[in-house]
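# Tertiary structure, described
The primary structure of each chain is shown beneath.
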Amino acid sequence: MIGRDSRIVIGGVGVAGGFGCGVAALEQALRGGEVRPGRMTLPMPDGPVEIPAFMSDTTPLKDFIPLRTLRRVDHFSRLALLGAHLALADAGLPEAERAGLGVVIASGHGATGITFAFQDSFINDGDICASPTHFANSVHNSAAANISILLGATGPSLTVTQFHLSVPSALLAARQWLLEGRVERVLFGAVDELSRLTGHYWHRQHAHFAGIPSPLHTGAETAVPGEGAAFLLLSRAQDADAPGYCTLDSVTVGRKLPPRPLAPPVGLLVLGADGVPETAARYAAAAAGSRIACYTPLYGSMPPGPAFDIASTALALRSGSVFATPGGSSCDFPATVVPGGTPLGPGPAGILTLDDDDGHALVMLGRIRQPA
Amino acid sequence: MPPVAITGMGCICAAGQNLGDCMTSIFSGARAPAPPVRFKSNHPIRYPVFEVPGFPEDPAMLRTSALGLHAVREALSDAGLDRQTLAPLRVGVCVGTTIGCAMSNETFCRQAHAGANPDMAPIVQIQRSNPAAVIAREFGLSGPCQTVVNACSSGTDAVAVAASWIRSGLCDVAIAGGADELARITYIGFIALMITDDSPCKPFDRNRKGLNLGEGAGMLVLESESVRARRNRKARAFVLGYGSACDAHHLTAPHPDGAGLRRAIAEGFSTAGVSASDLAFVNAHGTGTPENDKVESRVLREMLPGVPYLSTKGYTGHTLGAAGAIEAVFTAACLERGEIPGNAGFSTPDPDLIATPVREVTKVAGTIALSESLAFGGNNAALILGRGETP
Amino acid sequence: MTTTEKLKKILVEELNLEELTPADIDDDAPLFGEGLGLDSLDAVELVVLIQKHFGLEIKDMDEGRTAFQSVRALSAYIDGRLNG
């Protein structure tokens, strides 16, 4: 049964993205207010094309796992493993506690790089030469499987895909597990990679915007694709002052926008707007009149984006004040962009995610008193 | 945990395009796997599969989503629900699948590989084909919407996720199940793993060589007690409990002792408040691969001695993400009938397997059954179902 | 290049045995378990690699198991089939 009094605490955060690797790198990006996108090169019919992209480096994973162990692990799973290890290290979870972890993973596209490589294997040499290793790694839950295997996590495992709502949808499941008492802790993570395949999709379907994204402007597309992993260690806590970043108070996921105002009154509403015009107008309608912030220009446009939004908000809740929205306070719709450094009140903060298919999600995070 | 009522069911697979036809077919023992019709392979061996014959292609969506929608229509009609009655309710959708959301298309990849600028139409189709979203869109549903991609246990896990939504009051009605189409990429992949039988699959048999792939969808309508009371609907079955656990052992091989499966079954029992002696039968995963059947029969023998079991994959093939849902539907329908079909493909006991499945149609006593799934990545899921109120 | 040399190169490169060079592989070391530490997924990958690089089909794992004892055993198996 769902206990009314049990709270869920975010006790560890592990992030890897275009801004770098680890909570400190994210916090530095949030304080600095700008991350310059890198570039990815795509082989195209008329020669290589370079597109701006927030790429993520998995080299630091060698600090956690020997290279030999990773010999069959592709970039997608490496991203996830990096996020997972960073979150566990950040929370200071002892190795002995890993066995009972539940694992919940959100991924919009799955392991697209290895999926392409698998197809390459039989396109090149015939169906009889298809690579079984590539096939096994191309399964959508490969990241969750690799995490469970390498951490020895024998609790339940779930992978969810719902494109841009993958994160809140999966987070709902993680929350249910904790409230039902199935597990004491859930390692929750979101991951997607920019592969040759997803890069190609982006190249064909989006403008090649080369500057810094300005997602609070609803005109031309300013989205830059990103890749990365954002992981959270969630646990049940009876104690209101349990150590951690913040509490995970509620997760609401649904379709068809409810009548406005969408959000309950919150001190801060963090928008997942990412510079893609299809959703900009919907964010404008849903967030009108709210006190808002938006951090997607620091990591780019990708299905795990909302997990980075949650990580950023968790950092703000722990520090007690709002990080400035990159690019300044100008906004094309009637909302207040909360200035950097504004103290956060005792009220919750919301993370709003919308997709282009009438879907919406609101994740509410609450403050916990930090030890002096 | 309180039971969650199942008020409607739908199913489509090689055994039939609705649940009634499927049950008639599997209880007659019929099965006819054959090499794939919808695609070709240059592999020298033609492996038999269980395709759904004559199911029309829908250019608007992937076959996976179309199969799912087909089974949902049957399940909703069985539950006496339509667009109008659903409109004021909070209705969630949770669907398990494997390939239905993979952002890849072979035609696209071949063109890209050959240095062309591929047509984006297949990609746009994939982007509009998330199986849960397709159902939510079609019926204008407003509740949570989730696609579970837990490989071959997806369908079982999805039913449990939806039951959890109903229990906690997140929605009034939930459409839950699984869907997967037979795809060339998967067909080639399973052959490469050398776990595909070049003859009709033989779950738990001494001469088993592997699985045959199949396709289809199974869907269930779960309903809150308050809505069910208001509508005065009888339950066809109940979700009584569920457990899942990861082997954390190997990407493609099950744990040799079935460690994760044991934990999943134990959690299923504890959440349902039942024990092994309460079970009428087990619908096993039983793919027909040497390793799966070995581990599974061992766990069944040790944890559930004397409980009759069978695999229905000899009638449907392995429908991957749909399998757990199709088998949940079969399990519920068998509890209704009070009998289970024989385990198709089983004729010679394997001295290495310490338990054997039922060979022919068998009456079962009791009102509770277990349906279990083992998956890639070491996922294990156990769903405990109870007989409903219908006569 | 001898079959043995070619095999070692394939093992290192295609199975991503990151820290090994072909010269590090002992002809008689077991490929699976202790030794090179390969597993069941590598075994089916090896079947494909032998198809791809030597044009030889290994139809089932019973056949593979004997051939996959060591690099020496596998070279002898490949040479036997190529010259047989």
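The coordinates are above.
Source: prediction; values computed, not measured.

### Some thoughts on helix α1 (residues 23–32) of chain A
Residue and element names in this part refer to chain A. Listing the buried residues of α1 in full gives V23, A25, L26, E27, A29 and L30. In this fold, the buried residues of α1 make contact with β1 (7–17), β2 (20–21), α2 (75–91) and α9 (305–319). Phi turns positive, to about 80 degrees, at G33, one or two residues after α1.

### Notes on the interface of chain A and chain C
Of the residues lining the interface, 14 residues belong to chain A; the matching set on chain C comes to 17 residues. Interface of chain A and chain C: buried area, both sides summed, is about 1300 Å²; carbon and sulfur atoms make up 49% of it. Considering only the surface of chain A that becomes buried against chain C, A:R68, A:R71 and A:R72 emerge as the three largest contributors, covering 48% of it. Where chain A touches chain C, the interface holds four salt bridges. There are nine residue pairs in polar contact (both at pLDDT 80 or more) connecting chain A and chain C. A class-by-class count of the residues in the side of chain A that touches chain C yields six nonpolar, three polar and five charged.

### Overview of the pairing of strand β6 (residues 237–246) of chain B
Residue and element names in this part refer to chain B. Summarising burial for β6: ten of the ten residues are buried, a large majority. Across three bridges, the pairing between strand β1 (residues 4–13) and β6 is antiparallel. By the bridge assignment, A5 is partnered in β6 with F238. Sheet topology note: the β6/strand β12 (residues 379–387) ladder contains nine bridges and is antiparallel. Bridge pairing links S244 to A381 in β12.

What counts and what doesn't
- Residues numbered from 1 in each chain as written.
- Chains lettered and ligands numbered in written order.
- Predicted model: local features only at pLDDT ≥ 70, side-chain atom pairs only at ≥ 80, totals over all residues.
- Heavy atoms only, no water.
- Buried < 20%, exposed > 50% of the residue type's maximum accessible area, 1.4 Å probe, protein only.
- Helix = DSSP H or I, 4+ residues; strand = E, 2+ residues; numbered from the N terminus.
- Contact = heavy atoms within 4.5 Å.
- Buried area = accessible area lost by both parts, 1.4 Å probe.
- Salt bridge = Lys/Arg side-chain N within 4 Å of Asp/Glu carboxyl O.
- Polar contact = N/O pair within 3.5 Å; in protein donor to acceptor, adjacent residues only side chain to side chain.
- Nonpolar A, V, L, I, M, F, W, Y, C, P; charged D, E, K, R; others polar.
- Pairing = 2+ DSSP bridges.

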